[in-house]
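# An overview of the molecular structure
The residues making up each chain are set out below.
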Amino acid sequence: MKIALLGGTGDMGEGLALRWAKNHEIIIGSREAAKGARAAADYLAKAKTFYGDSMKGTIRGTANPDAAAEADVIVLTIPHEFAASTITSIKDRLKPSQILVSPVVPMVKADKGMIYSPIIKDGKVMSYAEALAEELKDIPVVAAYHAISAKKLANPAAILNYDVPIAGDDEKAVDVVIKLTQEIPNLRPVYVGPLKVALMIESLTPLIINAAIFSKIKDASIAFVQ
């Protein structure tokens, strides 16, 4: 499978690249093709060192539009403030057969912490994932990976005893994201409902950031306990 990580030169992009490169072709996207290529070369060296002969995939880099055009799955590993320009740059390269995964969280600083800032469109409050699905229409959008520690994700040796809430309206697209999540050791995908539920998933990120800031809980995530 070809997986494009748009804005993949950051912590989350590195983490997902290193985790999925064992079995898949990873394409690191960036606003500048050269920057994507440099990051990809660095990630590839790290992945080869960790996986050795068991590595079946690869990592390469290019500009965001080119990465998006050839991928089966596209993950927006970008802060919300860069999301609009990134979507504009790739929009005409997308196909209905692709899957777009959004971990994007709109949030703003408040005092010393962060507050979730949902999208308001025509008086309706919605998640970024919902707004994206409305904009892209024929492209299946799945909300996932909002609450994973990027630092731990980028260390292939780190054990991620986390749950990953996943929301989406397209059953086949959700199934693909569930299976990709299962490939990362110790991560448990948890389907929590249609895309309208993404509003609650996205709000987890500022909550976790605030836990780190005010209660000194580093590299936190979530798990559903029975």
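Read on for an overview of the structure. Everything numeric in this text was worked out from a predicted model, so none of it was measured.

## A look at the sheet that holds strand S4 (residues 73–76)
Strands belonging to one sheet form pairs held by backbone hydrogen bonds; the direction of such a pair is parallel or antiparallel. On the basis of which strands lie adjacent, the open sheet formed by 8 strands has the order S3-S2-S1-S4-S5-S10-S11-S12 and mixed pairing. Every other strand in the sheet has two partners, leaving strand S3 (58–63) and strand S12 (188–193) as the edge strands with one partner each. Each strand axis lies, on average, 25 degrees off the axis of its neighbour in the sheet, ignoring direction. Strand direction decides the pairing type here: strand S10 (residues 141–143) and strand S11 (residues 163–168), joined by 2 bridges, are antiparallel. Counted as the bridge partner of Val-142 is Gly-168 from S11. Against the sheet, helix H5 (residues 128–136) engages S4, strand S5 (99–102) and S10, with an angle of about 155 degrees to S5. Here helix H7 (residues 171–182) sits on the sheet in contact with strand S1 (2–6), S4, S5, S10, S11 and S12, set at roughly 165 degrees to S11.

## What about the pairing of S1?
With 4 of 5 residues buried, S1 lies mostly within the body of the structure. One crossover worth recording links S1 to the parallel strand S2 (residues 25–30) by way of helix H1 (residues 11–20), and it is right-handed. In this sheet, S4 lies alongside S1 in parallel orientation, the contact comprising 4 bridges. When the sheet's bridge partners are listed, Leu-5 is paired in S4 with Val-75.

## Comments concerning the pairing of S2
Where a strand is regular, its side chains alternate between the two sheet faces. Along S2, 5 of the 6 residues are buried, which leaves the element largely enclosed by surrounding structure. Pairing geometry for S1 and S2, over 4 bridges, is parallel. By the bridge assignment, Ile-3 is partnered in S2 with Ile-26.

## Digging into the nonpolar core
In terms of nonpolar packing, the biggest core is built from 38 residues, with Leu-5, Trp-20, Ile-26, Ile-28, Ile-59 and Tyr-145 touching the most fellow members. At the level of elements, S1, H1, S2, helix H2 (33–51), S4, S5, S11 and H7 are the ones that each hand at least two residues to this core. Counting residues per element, this core draws most heavily on H2, which supplies 6 residues. Residues in contact with Tyr-145, not counting those within four places in the same chain, are Met-12, Trp-20, Val-101, Pro-103, Val-164, Val-177, Leu-180 and Thr-181. Judged by nonpolar contacts, the second largest core, of 27 residues, contains Leu-6, Ile-78, Ala-167 and Ala-198.

## Quick notes on the pattern of salt bridges
All told, the structure shown has 10 salt bridges when counted by the stated rule. Among the salt bridges present, the one from Asp-42 reaches Lys-46, with a minimum N-O distance of 3.5 Å. Of the two residues, Asp-42 and Lys-46 are both situated in helix H2; the distance of 4 residues between them amounts to about one turn of the helix. Assessed through its relative accessible area of 37%, Asp-42 is described here as partly exposed. Residue classification places Lys-46 among the partly exposed positions, given a relative accessible area of 38%. Residues joined in a network through salt bridges with shared partners are Lys-2, Glu-25, Arg-60 and Glu-70.

Procedures and definitions
- Residues numbered from 1 in each chain as written.
- Predicted model: local features only at pLDDT ≥ 70, side-chain atom pairs only at ≥ 80, totals over all residues.
- Heavy atoms only, no water.
- Pairing = 2+ DSSP bridges.
- Helix = DSSP H or I, 4+ residues; strand = E, 2+ residues; numbered from the N terminus.
- Axes fitted to C-alpha atoms, helices over the stretch in contact; angles between N-to-C directions.
- Contact = heavy atoms within 4.5 Å.
- Buried < 20%, exposed > 50% of the residue type's maximum accessible area, 1.4 Å probe, protein only.
- Right-handed = clockwise from strand over helix to strand, strands pointing away.
- Core = buried A, V, L, I, M, F, W, Y, C linked by side-chain atoms within 4.5 Å.
- Salt bridge = Lys/Arg side-chain N within 4 Å of Asp/Glu carboxyl O.

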